[in-house]
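Read off the chains here:
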Amino acid sequence: MVGIVEPELERFTRGDIQAFEALFREYQGEIYGWIIRIVHDPGVSEDLTIETLWRIYRARARFDPCRSFGAWARRIATNVALEHLSRRRPEKSLDDTAPIRAPVTGTPDPAVTADVSAKVLAALDELPAKLRITVRLAMIEERPYAEIADALGLSTNGVKTRVFRAIRLLRKNLEKRGVRP
Amino acid sequence: MNEKDEALRELLRRAAPCPADRKLKRDLWPEMRRCLERPPVPIPWGDWAIAATLLVCLLLFPKAIPAVLYLL
């Protein structure tokens, strides 16, 4: 989050394309890195990174150059990812026991059967988008609550409450599928 | 987090592992540039006509304004 001087931010708020290009190149990797933590899909993350920066450009007049550009960008990126999760239909078949392929590049632990993994993913997908994003950031990515709170525009206690609700719902969803963690 | 929550976390991490490579592979600026150069979509004349009709109706029947606001 370093390298951008205030005059450049001021020029950006006035609509200077060169200043925006400098900001774009500085932050595109960071925004992509944040979005991929939430959506777990490289192709979708690229599209959402462009959408985020497009929204940032359109909202440039509302940005206060005295504030952190990175934090503002992260909040917009989180909203864009949240909208994506809300729009996306859960990737599950009618039969929950059918294996579901996770859109990730990593290999699942062999100790966990594909069946259990599919049920966990289905249970996760069943959560409301706001809880799903909190679970992904807090439980899978283990990001600090303060960072999540900043990105979601909540207080730290608000994040804790969401994590608590998400865990409770997730357990319920898993129990419905016969999984008891 | 208690032990049960830790077990759930472990289950989640194994079922939905984070992508190992989180680095952006290419520069996205050329695509952004295309978005910036795209001409803005003009508002269809039909939409202007509907807006004008609505405005005229509201001027003629101001008592309908609360009902319209409620429906919006």
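Residues numbered from 1 in each chain as written. Chains lettered and ligands numbered in written order. Predicted model: local features only at pLDDT ≥ 70, side-chain atom pairs only at ≥ 80, totals over all residues.

Enquirer: Let's hear about the overall build of chain B: which residues, and what values?
Expert: Across its full length, chain B carries four helices and zero strands. Each helix and strand of chain B, ordered N terminal to C terminal, gives the series α-α-α-α. Relative to a compact globule of 72 residues, whose C-alpha radius of gyration would be 11 Å, chain B shows 27 Å and is clearly more extended. Within the span of chain B, comprising 72 residues, buried residues form 10% of the whole. (Helix = DSSP H or I, 4+ residues; strand = E, 2+ residues; numbered from the N terminus. Rg over C-alpha atoms; globule rule 2.2 N^0.38 Å. Buried ≥ 20, exposed ≤ 12 C-beta atoms within 10 Å, placed from the backbone.)

Enquirer: Outline the overall build of chain A, listing residues and values.
Expert: Tallying secondary structure elements over chain A gives eight helices and zero strands in all. Scanning chain A from its N terminus toward the C terminus, one meets helices and strands in the order α-α-α-α-α-α-α-α. In chain A, which comprises 181 residues, the proportion classed as buried is 32%. Taking contacts inside chain A between residues at least 6 apart in sequence as the whole, the part at least 24 apart equals 61%. (Contact = placed C-beta atoms within 7 Å.)

Enquirer: So what's going on with the domain arrangement of chain A? Residues and values would help.
Expert: Residue and element names in this part refer to chain A. Domain annotation for chain A reports domain 1 (6-87) and domain 2 (114-176). Computed over C-alpha atoms, the centres of domain 1 and domain 2 are 24 Å apart. Each partner contributes to the interface: domain 1 provides ten residues, whereas domain 2 provides eleven residues. Elements that contribute at least two residues to the side of domain 1 that touches domain 2 include exactly helix H2 (17-39) and helix H4 (69-87). (Domains from an automatic or database assignment.)

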